[in-house]
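Observations on the model geometry
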Amino acid sequence: MGCVAVVRRREESRGGVVGRAVEEGVVVVLMYTKGESMSGVERGTVMKVLGDPLTLGWGGEALDLEDSHILNRFPKIPSMPISPEVAYSILRSLEGPQMPHHWRGDALGPQPGPTLLNFTYQAEKKIATIHNVFAVIRGSEEPDCYVLLGNHRDAWTYEAVDPNSGTVVLLDIARRYALMMRQGWQPRRTIVLCSWDAEEFGMIGSTEWVEQNLLNLGSKVVAYLNVDCAVQGPGFFAGATPQLDNLLIEVAKKVQDPDSESMTIYDNWMITNKVINIQRLSGVDSDFAPLLQHAGVPSVDLYYGRVFPVYHTAFDSYNWMTNHGDPLFQRHVAG
């Protein structure tokens, strides 16, 4: 009771971590995630819900900031992300008997004891306007059937991977469509390119748009393709709803693998995994979540590279991309 918790986050959401700390009587949470850099600070939202917390679930009249329903959507105690380096220095400074060996893990210090932390927390409550941006290419045969391709553009830091690798892919697709249209091409179905805002605060842009257009989306949208962290390393990975598996496989057979001139993505996929491993979209970690889970839209999430050790830190930069993620940018082109 009444203590400061230094927490290593693993799979649980940040809001879930802070919520559990509140239940245990903690007054402040210092949270870190073990990554590639000891000095990397992983940022992220601790809001408990998705979408605009003031109009949650209906997109109608906003509630007041001090409304009890709104306050319950945020943690009741302050929290702050710290680097592993800072976390370890705090743990080493603790006094008291050593912890049992099987409890230690990253905790290099003993059990809780006297130590001094200078913790400064400055909160700001404000309402801001966000902007989703759309480009629409009207279909020639089925204009009332829509195929959506989207990514968010807001970021915590430089974010060369998340979201700018996806934004680059989205903009390049738009450029290529424009060139094709100048030559007379028109898609069979209407294509909508979506640039979502405020994803990092809880998928606010996409969730609010889905809530406002729920009836039309459920009956008119054929599929949604999400390209958030489009390029974060070698290897092609995909998550999808089952009805899009065959389409994904057929497309993979036609696209050259960016890391091997003699193979397609499908060929490399089979060599690497022995089987076609398409993951299921069960999480709520990108903008496919509201479209799939609220509107029931078949969805795909595509990305290169499974390991992303600089996630949400200032090290997710152009320098990291050119040295590690995609030095020749061929994976961006293939995307």
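Residues numbered from 1 in each chain as written. Predicted model: local features only at pLDDT ≥ 70, side-chain atom pairs only at ≥ 80, totals over all residues. Heavy atoms only, no water.

**Some remarks on the nonpolar core**
Soluble globular proteins tend to bury their nonpolar side chains together. Judged by nonpolar contacts, the single largest core of 29 residues is most densely connected at V161, F236, L248, W269, I278 and F308. If you list the elements that add at least two residues to this core, you get α5 (164–182), β6 (189–196), β8 (236–240), α8 (245–252), α9 (265–273), β9 (299–304) and α11 (318–325). Those residues in contact with W269 that lie beyond four places of it in its chain are F236, A238, A252, K274, V275, I276, N277 and I278. (Core = buried A, V, L, I, M, F, W, Y, C linked by side-chain atoms within 4.5 Å. Buried < 20%, exposed > 50% of the residue type's maximum accessible area, 1.4 Å probe, protein only. Helix = DSSP H or I, 4+ residues; strand = E, 2+ residues; numbered from the N terminus. Contact = heavy atoms within 4.5 Å.)

**Describing the pattern of salt bridges**
One pass over the full model with this rule turns up 12 salt bridges. For R153, the salt bridge identified is with D197, shortest N-O distance 3.9 Å. Of this pair, R153 sits in the loop between β5 (142–152) and α5 while D197 sits in the loop between β6 and α6 (204–212), and the two are 44 residues apart along the sequence. For D172, the salt bridge is made with R175, and the minimal N-O distance between the two is 2.9 Å. Highlighted residues: D172 and R175, both in helix α5, separated by 3 residues, approximately one helical turn. Members of the salt-bridge network, linked through shared partners, are R9, R14 and E42. (Salt bridge = Lys/Arg side-chain N within 4 Å of Asp/Glu carboxyl O.)

**Quick look at the UniProt feature "domain: Peptidase M28" (unreviewed entry) in the protein chain**
The feature "domain: Peptidase M28" (unreviewed entry), as given by UniProt, occupies residues 132–319 in the numbering adopted here. End-to-end, the C-alpha atoms of residues 132–319 are 28 Å apart, and along that stretch the chain is 32% helix and 22% strand. (UniProt positions renumbered as here; feature names shortened; annotations may be inferred.)

**Some points on the layout of surface pockets**
The space that makes up the largest pocket amounts to roughly 1800 Å³. Taken together, 48 residues form the lining of the largest pocket, with T45, F74, E124, K126 and F201 sitting closest to its centre. At the level of secondary structure, the elements contributing two or more residues to the lining of the largest pocket comprise β2 (28–32), α2 (68–71), β3 (79–81) and α6. The residue makeup of the lining of the largest pocket, split by class, is 25 nonpolar, 11 polar and 12 charged. (1 Å grid on protein atoms, 1.4 Å probe; cavity = no way out; pocket = protein on both sides within 12 Å on 5 of 7 lines; lining within 4 Å. Points joined across faces, edges and corners; volume = space filled by probe spheres on them. Nonpolar A, V, L, I, M, F, W, Y, C, P; charged D, E, K, R; others polar.)

**What to know about the sheet that holds β5**
If you walk across this open sheet you meet the 6 strands as β4-β6-β5-β7-β9-β8, and the pairing is mixed. A strand with exactly one partner marks an edge of an open sheet, and here the two such strands are β4 (133–137) and β8. Here the strands of the sheet are splayed against their neighbours by 20 degrees on average, with no regard to which way each runs. Two elements, β4 and β6, share 5 bridges in a ladder whose sense is antiparallel. By the bridge assignment for β6, I137 is matched with I191. (Pairing = 2+ DSSP bridges. Axes fitted to C-alpha atoms, helices over the stretch in contact; angles between N-to-C directions.)

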